[in-house]
Amino acid sequence: MIRALLAALLLAGCATGPIPLPTASPAGSPTAPNSTPTLIATPAGPTPAPTQSEPSPGVSSSPSAVFIDGTYRVPDDVPPGTYRTIDFATECYWTRLRGFESGLSDIIASRIGAGFQVVTIGERDAGFDSVGCGAWTDELVTVLESRTEFGEGTYIVGADIDPGVYASAEGLSCSWERLAGFGGTRRQRIERVFVADGDMARVNIEETDAGFSSSGCGSWRRVDD
């Protein structure tokens, strides 16, 4: 009887097979990765301090741009005021507008030329447009290394250049203007001179002048020191 029971138990064990015991994972064994791995950024050493760009020559601090090239409504997009370009331009063209019909009657004043430019946008202007001028700022800091030597463009007397007698013999088709303001209108023009090719250009910039502008004249140097 006992032998019959043992035989029955052995036959049952062979039919079902051994029941495996649970095995523990060895310590430190890697787990299977998820389908979407999680990336963890590990900084490699200390984070370097941000570098600061060098200011333009002669500029005490980097001026902040108020707007860039484009067409803007006054005062919704750009408030009235006096602005200057931040970078030297090869050909900057700006226009003060009384309307947006794209006709000549919409133009209050305009100017085209190389160098740094300055403009005063009036309270009654409908808009302002610029092409090739880059960024404009209302921080009227100097943009020149020297107050007695400068090139093409429009400059503020007392801020960019000192009053005095200046001469230039480098220009071709040179024209220059002494300015009472920067609106670009004829009534803000104190004096305007065209110089024949090859002739020396000479101008007396006075303390009461608001600005000075030249095109095609090359470099100016003060000669009354």
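So, a few notes on the structure that sits alongside this text. Note that the coordinates shown come from a computational prediction; the quantities given were computed from them, not determined experimentally. (Residues numbered from 1 in each chain as written. Predicted model: local features only at pLDDT ≥ 70, side-chain atom pairs only at ≥ 80, totals over all residues. Heavy atoms only, no water.)

Right, let's get into unusual backbone geometry. Residues valine 74 and proline 75 are joined by a peptide bond in cis, for which omega reads 5°. On the secondary structure map, proline 75 appears in the loop between strand E1 (70-73) and strand E2 (81-85). (Helix = DSSP H or I, 4+ residues; strand = E, 2+ residues; numbered from the N terminus.)

The subject of this paragraph is the side chain of aspartate 160. The topology assignment puts aspartate 160 in the loop between strand E9 (153-156) and strand E10 (164-168). The class of aspartate 160 is buried, set by a relative accessible area of 0%. Of note is the side chain of aspartate 160, whose polar atom sits 3.3 Å from the side chain of threonine 142. (Buried < 20%, exposed > 50% of the residue type's maximum accessible area, 1.4 Å probe, protein only. Polar contact = N/O pair within 3.5 Å; in protein donor to acceptor, adjacent residues only side chain to side chain.)

Time to look at the packing of aromatic side chains. The geometry of an aromatic ring pair comes down to the distance between the two centres and the angle between the two planes. Enumeration according to the criterion identifies 13 aromatic pairs in this entry. A centroid spacing of 5.9 Å and a plane angle of 75° characterise the contact between phenylalanine 150 and phenylalanine 212, whose relative ring orientation is edge-to-face. Note that phenylalanine 150 is positioned in strand E8 (residues 149-150) and phenylalanine 212 in strand E14 (residues 211-215), a separation of 62 residues in sequence. Ring pairs connect the aromatic residues Phe88, Phe116, Phe150, Tyr155, Tyr166, Trp176, Phe212 and Trp220, which therefore count as one cluster. (Phe/Tyr/Trp six-rings, centres within 6.5 Å; stacked < 30°, edge-to-face > 60°.)

Time to look at the nonpolar core. One finds Phe150, Ile161, Trp176, Ile205, Phe212 and Trp220 to be the most contacted residues of the largest nonpolar core, which totals 17 residues. Secondary-structure elements contributing two or more residues to this core are strand E11 (174-179) and strand E13 (201-205). Looking at this core, the element that brings in the most residues is E13, giving three residues. Those residues in contact with tryptophan 176, other than ones at most four positions away along the chain, are Glu191, Arg192, Val193, Val195, Ala201, Arg202, Val203, Phe212, Ser213, Ser214 and Trp220. (Core = buried A, V, L, I, M, F, W, Y, C linked by side-chain atoms within 4.5 Å. Contact = heavy atoms within 4.5 Å.)

What follows is about the side chain of arginine 84. Within the fold, arginine 84 resides in strand E2. Here arginine 84 falls in the buried class, since its relative accessible area comes to 1%. A distance of 3.0 Å separates a polar atom in the side chain of arginine 84 from the backbone oxygen of valine 141. A polar atom in the side chain of arginine 84 sits 2.6 Å from the side chain of aspartate 160.

With the rule as written, the count across this model stands at two disulfides. Cysteine 92 shares a disulfide with cysteine 133; S-S distance 1.9 Å. One disulfide, between cysteine 92 and cysteine 133, carries an S-S torsion of 85° and so falls in the right-handed class. Of this pair, cysteine 92 sits in strand E3 (residues 89-97) while cysteine 133 sits in the loop between strand E6 (127-131) and strand E7 (136-137), and the two are 41 residues apart along the sequence. Pair check on accessibility: cysteine 92 and cysteine 133 agree, each one buried. The residue that forms a disulfide with cysteine 174 is cysteine 217, at a sulfur-sulfur distance of 1.9 Å. Measuring handedness by torsion sign, the sulfur bridge of cysteine 174 and cysteine 217 sits at about 85° and is right-handed. Of the two residues, cysteine 174 sits in strand E11 while cysteine 217 sits in the loop between E14 and strand E15 (220-222), which places them 43 residues apart along the sequence. When the cysteines of the protein that form disulfides are numbered from the N-terminus onward, they connect as 1-2, 3-4. (Disulfide = S-S within 2.5 Å.)

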